[in-house]
Amino acid sequence: MPHVVTQACCADASCVHACPVNCIHPTPDEPDFATAEMLYIDPDVCVDCGACVGACPVGAIVPDDRLTTGEQVFLDLNAVLSTPSRPYPPQAPVPPIRRLENDRGRAGHPLRVAIVGAGPAALYTADELLRQPGVEVTVFDRLPVPHGLARHGVAPDHARTRSVTDLFTLIENQPGFTYRLGVEIGRDLGVDDLAAHHDAVVYATGASTDRPLDIPGAGLPGSMSATQVVSWYNAHPDHVDARVPLDHERAVIVGNGNVALDVARILATPAHSLAGTDISPVALEALRGSRVREIVVLGRRGPAQAAFTLPELIGLASRDDIDLRVQAPDGIDPGAASDRQRSLMLDCLADVAARPPRPGSPRIVLRFQAAPVEVLGEDRVQGLRIAATELTTRDGDVRAVPRPGTEEVLDAGLVLRSVGYRGVPVPGVPFDPATGTIPHRGGRVLDRPGGSEVPGAYVAGWIKRGPRGFIGSNKTCARETVDALLADANAGLLGRAGAAGR
Ligand SMILES: Cc1cc2nc3c(=O)[nH]c(=O)nc-3n(C[C@H](O)[C@H](O)[C@H](O)COP(=O)(O)OP(=O)(O)OC[C@H]3O[C@@H](n4cnc5c(N)ncnc54)[C@H](O)[C@@H]3O)c2cc1C
Ligand SMILES: NC(=O)c1ccc[n+]([C@@H]2O[C@H](COP(=O)([O-])OP(=O)(O)OC[C@H]3O[C@@H](n4cnc5c(N)ncnc54)[C@H](OP(=O)(O)O)[C@@H]3O)[C@@H](O)[C@H]2O)c1
Ligand code: SF4
Ligand code: SF4
């Protein structure tokens, strides 16, 4: 009777050190941790003690006798990912934690740190800092409510994942934590003001905008970013009143990452099933009147290069109220998988492709090797011209090249680009436009990529690493940044007098 890691896993590794027999992998010190789409429990080693359940902030670990029908598949997935069993020590190695050496609290001078942004990266940074005595953190966010994409990005039907905000509430309730919400740094308060009143500033501003899709017609009404739609259904103040046309039976989403899957799933879910979730009432009302019956999710490359992750695909494939289809013009080649996760992904896609259709249910089509060419329409979107692609490999990268003479038109009333996010510069803070991130070395801000360190300035989360990874990925990221900050404090490099002079 082992315990099982299920879909909501956000890879923060909190369970790893709770386990008395080290059977949850990969652990943060193992090389595949950085690319893991979820952790898994070795069923042959698990002693069913349940200690990991309380450690998981999103309720992703379930005893096998409590799995729902849709979750049963994760029992096999945990077992398959655990095979062959890897050699490991009796306990997962605990990373060394740096201590703040001079007890500044007792000397009457707490170490004051400003954190810009109140998303997961900021909250994990605050948590790491507040483990030290004599530290005070002030967390600024431009929005009146905290938690960044954990509140305004995570889909409303992913209730377990959204419950990570309970962990954030515990962090906020620690002594030494203060919020200043509704304050945009660089507009309402300058970075020099911030530096003058704090010993260190950590930028955790995320990736606030979407990447553009540079094709003709992309500006037509009805051609929108997935970011706008996600923000609309999650009641983000910037987009709560967005107009999302749902009056045509087909919508097309360009890009096949997890955001595209989230949006496709919400558009395909009957409104009454979303009624008990955190969805915005405005969006729910619009979805009640929706005429959308088919959502086509376009991937320009093949199934082996799909950007969505295996747990999300499994979650979607287990829905019995959605007719999930796969269109892969060159077939699904199991030999194209780069690793075990990919191989399981291709197996899952092949199973879905072989299923009989489910007439009567809203349809999601995962269409591969199809690139957008032009959004069509006169005063609003009427369709999308697409081209079939062939795949070529250059410098180890698989690229999609449109095949001449293969263009076709998909009629649609809504075309969404879901081609990734991008960081936005904060005035006065170094920014690398090539990557959309703040240049850094191990979390210390640099004045330019590869340049010199800016004293007292640090960075964490998506604005440090780019818009990739899960909520829990920001925990390891924040730990690296805080380690650098504490090392600098111990070396006497931080202090408000110095900061004011910067
Ligand atoms: C649509 C979507 C759904 C997702 N769903 C999941 C999921 O189900 N599970 C999962 O594990 N991961 C999910 N992720 C990934 C996860 O949300 C990110 O890994 C995480 O939110 C990144 O954290 P962050 O703190 O770096 O950025 P953010 O969460 O974006 O937080 C940045 C914060 O900074 C604030 N800010 C920006 N500029 C300023 C400024 N100048 N002054 C003050 N404040 C500022 C913003 O308002 C925001 O609150 C999803 C991502 C997206 C886009
Ligand atoms: N449930 C979850 O855990 C969850 C939910 C949502 C988001 N997230 C995470 O958040 C991160 C961001 O997700 P995302 O979906 O925004 O981004 P993403 O995973 O980077 O996917 C971007 C998609 O856009 C495509 N694309 C880019 N440029 C294109 C172009 N010019 N034409 C056509 N297609 C183009 C990419 O195709 P190529 O691959 O061919 O470039 C890819 O399919 C990811 O790490 C994701 O896992 C997690
Ligand atoms: S139930 Fe106990 S033994 Fe099994 S994975 Fe969880 S902590 Fe480890
Ligand atoms: S979310 Fe964290 S604690 Fe929960 S299963 Fe995943 S890695 Fe473990």
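Preceding block: the structure.
Numbers given to residues run from 1 along each chain, matching the order in which its sequence is written. Throughout, the order in which chains and ligands are written sets their labels, letters from A for the former and numbers from 1 for the latter. In keeping with the predicted nature of the model, local features appear solely for residues at pLDDT of at least 70, side-chain atom pairs appear and are counted solely at 80 or more, and the whole-chain, interface and lining totals rest on all residues. Only hydrogens and water are set aside; all other atoms, that is, all heavy atoms of the structure, feed into the side-chain values.

1. Quick notes on empty space enclosed by the protein
- Here a cavity denotes a set of grid points, spaced 1 Å apart and computed over the protein atoms alone, in which a 1.4 Å probe fits but from which it cannot get out, and a pocket denotes an open set meeting protein on both sides within 12 Å along at least five of seven lines; residues with an atom within 4 Å of a point are reported as lining. Grid points are joined across faces, edges and corners, and a volume is the space filled by probe spheres set on the points. The tally for this structure, following the rule as stated, stands at five cavities of 30 Å³ or more.
- Of the volumes computed, that of the largest cavity is approximately 90 Å³.
- Forming the boundary of the largest cavity are 14 residues, of which C9, D12, A13, C15 and C56 lie nearest the centre.
- Here the residues of the lining of the largest cavity are counted per class, giving twelve nonpolar, one polar and one charged.
- One number sums up the size of the second largest cavity: a volume of about 80 Å³.
- For the second largest cavity, the lining is made up of 13 residues, of which C19, C23, C46, C49 and C52 are closest to its centre.
- Here the lining of the second largest cavity is composed, by residue class, of ten nonpolar, two polar and one charged. Just so you know the grouping, Ala, Val, Leu, Ile, Met, Phe, Trp, Tyr, Cys and Pro go in nonpolar, Asp, Glu, Lys and Arg go in charged, and all remaining residues, Gly too, go in polar.

2. So, the site of ligand 4
- Proximity is defined per residue: any heavy atom of the residue falling within 4 Å of a molecule or strand makes that residue near it. Taken together, 13 residues sit near ligand 4, with C9, D12, A13, C15 and C56 positioned nearest.
- In this structure the site holding ligand 4 corresponds to the largest cavity.
- Residue classes in the shell around ligand 4 are distributed as eleven nonpolar, one polar and one charged. Grid points define the cavity or pocket, and a molecule sits in it when more than half of its atoms lie within 2 Å of them.

3. Re the layout of surface pockets
- Each pocket or cavity is described by its volume, and for the second largest pocket that value is around 610 Å³.
- Together, 24 residues line the second largest pocket, and Q7, D157, H158, G315 and R319 are the ones closest to its centre.
- Helix numbering and strand numbering both begin at the N terminus, where a helix is a DSSP run of H or I of at least 4 residues and a strand a DSSP run of E of at least 2. Of all the secondary structure elements, the ones that give two or more residues to the lining of the second largest pocket are helix 5 (159-162), helix 9 (258-268), helix 10 (271-274) and helix 12 (310-317).
- Residue composition of the lining of the second largest pocket, grouped by class: six nonpolar, eleven polar and seven charged.

4. Some points on the pairing of strand 13 (residues 323-327)
- Each pair of strands is called paired provided DSSP finds at least two bridges between the two strands. Relative to strand 14 (residues 363-367), strand 13 runs parallel, the two being bridged by five bridges. Bridge pairing links Q327 to R367 in strand 14.

5. Considering the packing of helix 12 against helix 13 (residues 340-353)
- The axes used here are C-alpha line fits, helices contributing only the stretch in contact, and every angle between their N-to-C directions lies in the interval 0 to 180 degrees. Following both chains from N to C, one finds helix 12 and helix 13 inclined at 20°, their axes separated by 10 Å at the closest point. Taken together, the axis directions place helix 12 and helix 13 in an arrangement best described as roughly parallel. The crossing of helix 12 and helix 13 is left-handed. Of the residues in helix 13, those in contact with L310, L313, I314 and A317 of helix 12 are Q341, L344, M345, C348, L349 and V352.
- Among the residues making up the contact of helix 12 with helix 13, the classes are represented as nine nonpolar, one polar and no charged. Throughout this description, any angle smaller than 35 degrees is read as roughly parallel, any larger than 145 degrees as roughly antiparallel, any in the 65 to 115 degree range as roughly perpendicular, and the remainder as oblique. Should the near helix be turned anticlockwise from the far one by less than a right angle, the crossing is left-handed, and should it be turned clockwise, the crossing is right-handed. Contacts are residue-level and defined by heavy atoms, with any inter-residue pair within 4.5 Å sufficient.

6. Remarks on the sheet that holds strand 6 (residues 135-141)
- In space, the seven strands of this open sheet follow the order 7-6-5-8-23-22-21, with mixed pairing throughout. Each edge of the open sheet is held by one strand with a lone partner, namely strand 7 (177-181) and strand 21 (440-441).
- With three bridges connecting them, strand 8 (residues 200-203) and strand 23 (residues 453-459) associate as parallel partners. When the bridges of strand 23 are listed, V201 appears paired with A457.
- Packed onto the sheet, helix 15 (residues 473-490) meets strand 5 (111-116), strand 8, strand 22 (444-446) and strand 23 and runs at close to 145° relative to strand 23.

7. Remarks on the pattern of salt bridges
- By salt bridge we mean one thing: a side-chain nitrogen of Lys or Arg within 4 Å of a carboxyl oxygen of Asp or Glu. Per the counting criterion, the structure on display carries 28 salt bridges.
- Residue R417 pairs with D210 through a salt bridge whose shortest N-O separation is 3.5 Å. Of the two residues, R417 sits in strand 19 (residues 414-417) while D210 sits in strand 9 (residues 209-210), which places them 207 residues apart along the sequence.
- Only protein chains enter the accessibility calculation, which uses a 1.4 Å probe; a residue whose area is less than 20% of its type maximum is buried, one above 50% is exposed, and one in between is partly exposed. Take D210: its relative accessible area is 19%, and that puts it in the buried class.
- R319 is the partner of D321 in a salt bridge, and the nearest nitrogen-oxygen pair spans 2.8 Å.
- Exposure remark for R319: the relative accessible area of 18% places this residue in the buried category.
- Residues participating in the shared-partner salt-bridge network are R250, E294, D323, R325 and R363.

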